[in-house]
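Residue strings, one per chain:
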Amino acid sequence: MEHILLFMNRRCNMNTLTEDYQPHIQCQAVSKQFIRRHNPSEPTLLIAINDYDDKFKTFKERTNYITYSKYTAVHWVFFDDIDHVPFTHSGIITVKQAENVIDFLDYQFAHKNFEKVLVHCQAGISRSQAIALFIAKYYLHDEDLFNQLYHQCGKAQGGNKLVYNRLVDAYNKKHEV
């Protein structure tokens, strides 16, 4: 976790989002601990990022902290917070996982039966931040939100680069950009 702290944006001022949940923000990254206690007041999508090894747990062990009825839809993905491609590591976000996230987002944004998107990982600062940034730019087309999230206090600036780049590549491939 120490390596992540080195990349966290520490420049905070009155106009910078804090790391806490901001109810007025349409898309944001939050921690697993926050999701445990959150009760959305608007229709909300949830992308739930868990560590790679969690996928080997029983379904109940993996999912017992989320009440599905609180969310419009939930998409599960399991990968570790690795921001570069090492020689071998099975826990990185795969191309297939990125494609699955794009498929989920395409479907949800086509039907638009939600008002907010929450993305959670363990700490809510790197993996989830990358996906929230991606959604702000590619699905919400909101540069102001993207910039707010990018410079958000207490988050890894720009989120996990490998996650963000895999999503961009999958999106461009599918949408032939």
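Structure's up top.
Residues numbered from 1 in each chain as written. Predicted model: local features only at pLDDT ≥ 70, side-chain atom pairs only at ≥ 80, totals over all residues. Heavy atoms only, no water.

Draft legend 1. View of the sheet that holds strand S2 (residues 44-50). As summarised here, the arrangement of the four strands in space is S1-S4-S2-S3, forming an open sheet in which the pairing is parallel. The sheet terminates laterally at strand S1 (27-31) and strand S3 (73-78), the two strands that pair on one side only. If you compare each strand with its neighbour and ignore which way they point, the axes differ by 20° on average. Bridge count between S2 and S3: six bridges; the pairing is parallel. Each residue of the ladder has a partner; that of Ala 48, found in S3, is Trp 76. Lying on the sheet, helix H4 (residues 95-111) is in contact with S2, S3 and strand S4 (116-121); it crosses S3 at an angle near 170°. (Pairing = 2+ DSSP bridges. Helix = DSSP H or I, 4+ residues; strand = E, 2+ residues; numbered from the N terminus. Axes fitted to C-alpha atoms, helices over the stretch in contact; angles between N-to-C directions. Contact = heavy atoms within 4.5 Å.)

Draft legend 2. Region of the structure containing the packing of aromatic side chains. Here the structure, examined in full by the defined rule, presents 14 aromatic pairs. Between Tyr 139 and Tyr 171, the aromatic rings sit 5.5 Å apart at their centres with planes inclined by 80°, giving edge-to-face as the arrangement. Placement of Tyr 139 in the loop between helix H5 (127-138) and helix H6 (143-150) and of Tyr 171 in helix H7 (residues 161-175) is noted, with a sequence separation of 32 residues between them. Relative accessible area serves as the criterion here: at 11%, Tyr 139 is assigned to the buried category. Residue classification places Tyr 171 among the buried residues on the basis of a relative accessible area of 13%. Put simply, the rings of Phe 109, Phe 114, Phe 134, Tyr 138, Tyr 139, Tyr 164 and Tyr 171 pair up and form one aromatic cluster. The cationic tip of Lys 112 hangs over the ring face of Phe 114; the distance from NZ or CZ to the ring centre is 4.3 Å. (Phe/Tyr/Trp six-rings, centres within 6.5 Å; stacked < 30°, edge-to-face > 60°. Buried < 20%, exposed > 50% of the residue type's maximum accessible area, 1.4 Å probe, protein only. Lys NZ or Arg CZ within 6 Å of the ring centre and 35° of its normal.)

Draft legend 3. Summary view of the pairing of S1. By the criterion of burial, S1 is predominantly enclosed, with five of the five residues buried. Burial along S1 is two-sided: the residues Cys 27, Ala 29 and Ser 31 and Gln 28 and Val 30 are all buried. Where S1 lies against S4, five bridges are found, and the strand directions are parallel. Note that in S4 the partner of Cys 27 across the bridge is Val 117.

Draft legend 4. Broad picture of the packing of H5 against H7. Where H5 meets H7, the axes come as close as 8 Å, and the angle between the chain directions of the two elements is 35°. The handedness of the crossing between H5 and H7 is right-handed. Residues Arg 127, Ala 130, Ile 131, Leu 133, Phe 134, Lys 137 and Tyr 138 of H5 form the contact with H7, whose participating residues are Val 163, Tyr 164, Leu 167, Val 168, Tyr 171 and Asn 172. For the contact of H5 with H7, a count of residues per class yields ten nonpolar, one polar and two charged. (Left-handed = near helix turned anticlockwise from the far one by under 90°. Nonpolar A, V, L, I, M, F, W, Y, C, P; charged D, E, K, R; others polar.)

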